[in-house]
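# Descriptive analysis of the structure
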Amino acid sequence: MSVPIFPIPQWEQSLTLFGVITTGTIVICAGALAYFRRVRMDRPPVGTFNARDVVILLIFIGILPFVYGWLPDTLVTCLLAVTFASALYIGYRPLLGSVGIWLGIGLLFGFNIWSSHHLMGTIPGWQLWYTEQSIMVGLSAIAVCNMYLQGGMKLRHVAWLSLGLAGYDVLFASYYPLTGELIARYITHPLTPVVGMRFGEVDYAVGLGDLLVYSLFFVAAYKAYGARAAKIAAAVIVVMGGFATAFIPFLFNFSNANLDILIPAQSVFGPVAFLTYLWMKRHYGRERTMAEYLASQDDTAAAPRVEQAPAPQPASI
């Protein structure tokens, strides 16, 4: 006897998606900030990050989905393996050493590939796969975020990148639905670049690209202007990247019980992030470079500790 499957209410799907996006974003942003404050990467001698690099990055991001859509699945998996392995190696070799990082990469990749072929038949299997997948993707996002920011990327570069990705997301998620087709095609494959979880029969996920932009914006604000600016950036990320992205389908999809509208997250987040950067620039002034940030941390660490003077003793009679 078949078991009837009842549709999940839209508000419940939106709330669950908001929880998944917010949880993944908070963990990765906090991890990226902790890494940024405590670990120094070897900066390659490639010069200063500039507007040309932002344009090149946008072109690369724009071309990559077409390449993935054209190549066979096996080759795409190989390219993703090279990408993830490079990010993890660069980011965590300073912490684990060459032997330790390759052992860790091998374990992450091995379990991910094995689980992609053996654990997809049950909901607990999917949840275990998503957990390991999210760990691998999250660690990669933290590494790439720091590679860019410690390499010279500034908040203004992140703001322009977010604005450019907003236009890209509108074009390729709405008018030319390449994003949705790629997600549907690769969601069950190894090394899928998403962070998420399955509850019941529904998958809730956020892409690596969105998480990378959120962590870049958050940590770049901290590097540029300090903790107060980072808190403002965090609020923008939660509201526009999390709440708005999760609940727009609920507001505009009443006639369908399934939350099946793909919302291009950067089209919502990007313009607000850019306006937030303009406000910070006007309010706080010129942003700090990486060298100035490191100098401020050195000054703080070198500041002498002020000992409290002992309370005066009453004079004896």
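Rules behind the numbers
Residues numbered from 1 in each chain as written. Predicted model: local features only at pLDDT ≥ 70, side-chain atom pairs only at ≥ 80, totals over all residues. Heavy atoms only, no water. Helix = DSSP H or I, 4+ residues; strand = E, 2+ residues; numbered from the N terminus. Contact = heavy atoms within 4.5 Å. Pairing = 2+ DSSP bridges. Expected span 1.5 Å × (residues − 1). Buried < 20%, exposed > 50% of the residue type's maximum accessible area, 1.4 Å probe, protein only. Axes fitted to C-alpha atoms, helices over the stretch in contact; angles between N-to-C directions. Parallel < 35°, antiparallel > 145°, perpendicular 65-115°, else oblique. Left-handed = near helix turned anticlockwise from the far one by under 90°. Core = buried A, V, L, I, M, F, W, Y, C linked by side-chain atoms within 4.5 Å. Polar contact = N/O pair within 3.5 Å; in protein donor to acceptor, adjacent residues only side chain to side chain. Phe/Tyr/Trp six-rings, centres within 6.5 Å; stacked < 30°, edge-to-face > 60°. Salt bridge = Lys/Arg side-chain N within 4 Å of Asp/Glu carboxyl O. pLDDT = per-residue confidence, 0-100. Disulfide = S-S within 2.5 Å. 1 Å grid on protein atoms, 1.4 Å probe; cavity = no way out; pocket = protein on both sides within 12 Å on 5 of 7 lines; lining within 4 Å. Points joined across faces, edges and corners; volume = space filled by probe spheres on them. Nonpolar A, V, L, I, M, F, W, Y, C, P; charged D, E, K, R; others polar.

### Topic: the overall build of the chain
When its secondary structure is counted, the chain shows 10 helices and two strands. For the chain, the α and β elements follow one another from N to C terminus as α-α-α-α-α-α-β-β-α-α-α-α. Long-range contacts, defined as pairs at least 24 residues apart, comprise 81% of the intrachain contacts of the chain with a sequence gap of at least 6.

### Considerations on the pairing of strand E2 (residues 202-207)
Within a regular strand, side chains alternate between the sheet's two faces. In this sheet, E2 lies alongside strand E1 (residues 194-199) in antiparallel orientation, the contact comprising six bridges. By the bridge assignment for E2, Met197 is matched with Tyr204. Between E1 and E2, which pair antiparallel in sequence order, lie two residues; one of them, Gly200, sits at a positive phi of approximately 65 degrees.

### So, helix H9 (residues 265-284)
For H9, spanning 20 residues, the distance from its first C-alpha to its last is 28 Å, which sits close to the expected 28 Å at 1.5 Å a residue. Among the residues of H9, those classed as buried are Ala265, Gln266, Val268, Phe269, Gly270, Ala273, Phe274, Thr276, Tyr277 and Met280.

### Remarks on the packing of helix H3 (residues 73-118) against helix H4 (residues 123-150)
Orientation of H3 relative to H4, taken along the N-to-C sense of each, is 155 degrees, at an axis distance of 10 Å. Classified by the interaxial angle, the pair formed by H3 and H4 is roughly antiparallel. Remark: the crossing between H3 and H4 carries left-handed chirality. Contact with H3, carried on its side by Phe84, Ala87, Leu88, Ile90, Gly91, Tyr92, Leu108, Phe109, Phe111, Asn112, Ser115 and Ser116, involves Leu128, Trp129, Glu132, Gln133, Met136, Val137, Leu139, Ser140, Ile142, Ala143, Val144 and Met147 of H4 and no other residues of that element.

### Some points on the nonpolar core
In terms of nonpolar packing, the biggest core is built from 76 residues, with Phe109, Leu149, Leu155, Leu216, Phe217, Val219 and Phe269 touching the most fellow members. When sequence neighbours within four positions are dropped, the list of residues in contact with Val219 reads Cys29, Ala32, Leu33, Phe36, Cys145 and Leu149.

### Things to note about the side chain of Gln150
Within the secondary structure, Gln150 is located in helix H4. Side-chain polar atoms of Gln150 contact the backbone oxygen of Val39, separated by 3.0 Å. Polar side-chain contacts of Gln150 include one of 2.9 Å to the backbone nitrogen of Met41.

### So, the packing of aromatic side chains
All told, the structure shown has 18 aromatic pairs when counted by the stated rule. A ring pair is formed by Tyr35 and Tyr92, whose centres lie 6.0 Å apart and whose planes are at 90 degrees; its orientation type is edge-to-face. With Tyr35 in helix H1 (residues 10-38) and Tyr92 in helix H3, this pair connects stretches of sequence that are 57 residues apart. Residues Tyr35 and Tyr92 agree in their burial class; the two are buried.

### A closer look at unusual backbone geometry
A positive phi angle, near 60 degrees, is found at Leu191, a position not held by glycine. Tracing the chain through its elements places Leu191 in the loop between helix H6 (178-186) and E1.

### So, the pattern of salt bridges
Tallied over the full model, the rule gives two salt bridges. Across the salt bridge formed by Asp203 and Arg198, the nearest N and O atoms sit 2.8 Å from each other. The class for Asp203 is partly exposed, based on a relative accessible area of 31%.

### Overview of the packing of helix H7 (residues 208-225) against H9
Where H7 meets H9, the axes come as close as 12 Å, and the angle between the chain directions of the two elements is 5 degrees. As far as their axial angle goes, H9 and H7 are roughly parallel. Facing H7, whose interface residues are Asp210, Val213, Tyr214, Phe217, Ala221 and Tyr225, H9 presents Ala265, Gln266, Phe269, Ala273, Thr276, Met280, Lys281 and Tyr284.

### Focus on the confidence of the model for the chain
Detailed reading of the predicted model is not advised wherever pLDDT is low. Mean pLDDT over the chain stands at 81; residues scoring 70 or higher make up 77%. Mean pLDDT values for the elements of the chain range from 63 in H6 up to 94 in H7. Between residues 254-261, whose pLDDT stays under 50, and residues either more than four places distant or in other chains, the model counts 18 contacts. Considering only residues more than four positions removed or in separate chains, one finds that residues 303-312, a stretch of pLDDT under 50, has zero contacts.

### Section: the environment of Ala291
The topology assignment puts Ala291 in helix H10 (residues 290-302). Sequence-wise, Ala291 and Gln150 are 141 residues apart; in three dimensions their C-alpha atoms are separated by 9.3 Å.

### Considering the side chain of Ser116
By the secondary structure assignment, Ser116 is in helix H3. Looking at Ser116, its side chain comes within polar contact range of the side chain of Trp129, at 2.8 Å. Not counting chain neighbours up to four residues away, the residues in contact with Ser116 comprise Trp129, Thr188, His189 and Pro190.

### Quick word on the state of the cysteines
This structure, assessed with the given rule, holds zero disulfides. Considering cysteine sulfurs only, Cys145 is the nearest to Cys29, which forms no disulfide, with 7.6 Å between them. With relative accessibility at 6%, the residue Cys29 sits in the buried group.

### Some remarks on the layout of surface pockets
Empty space among the atoms can be located by rolling a probe the size of a water molecule over them. Roughly 280 Å³ of internal volume is contained in the second largest pocket. Gly24, Val27, Ser134, Ile135 and Val195 are the residues nearest the centre of the second largest pocket, which is lined by 15 residues in total. Counting only elements with at least two residues in the lining of the second largest pocket, the list comes to H1, H4 and E1. Here the lining of the second largest pocket gets seven residues from one element, more than from any other, and that element is H4. A per-class count over the lining of the second largest pocket returns nine nonpolar, six polar and no charged.

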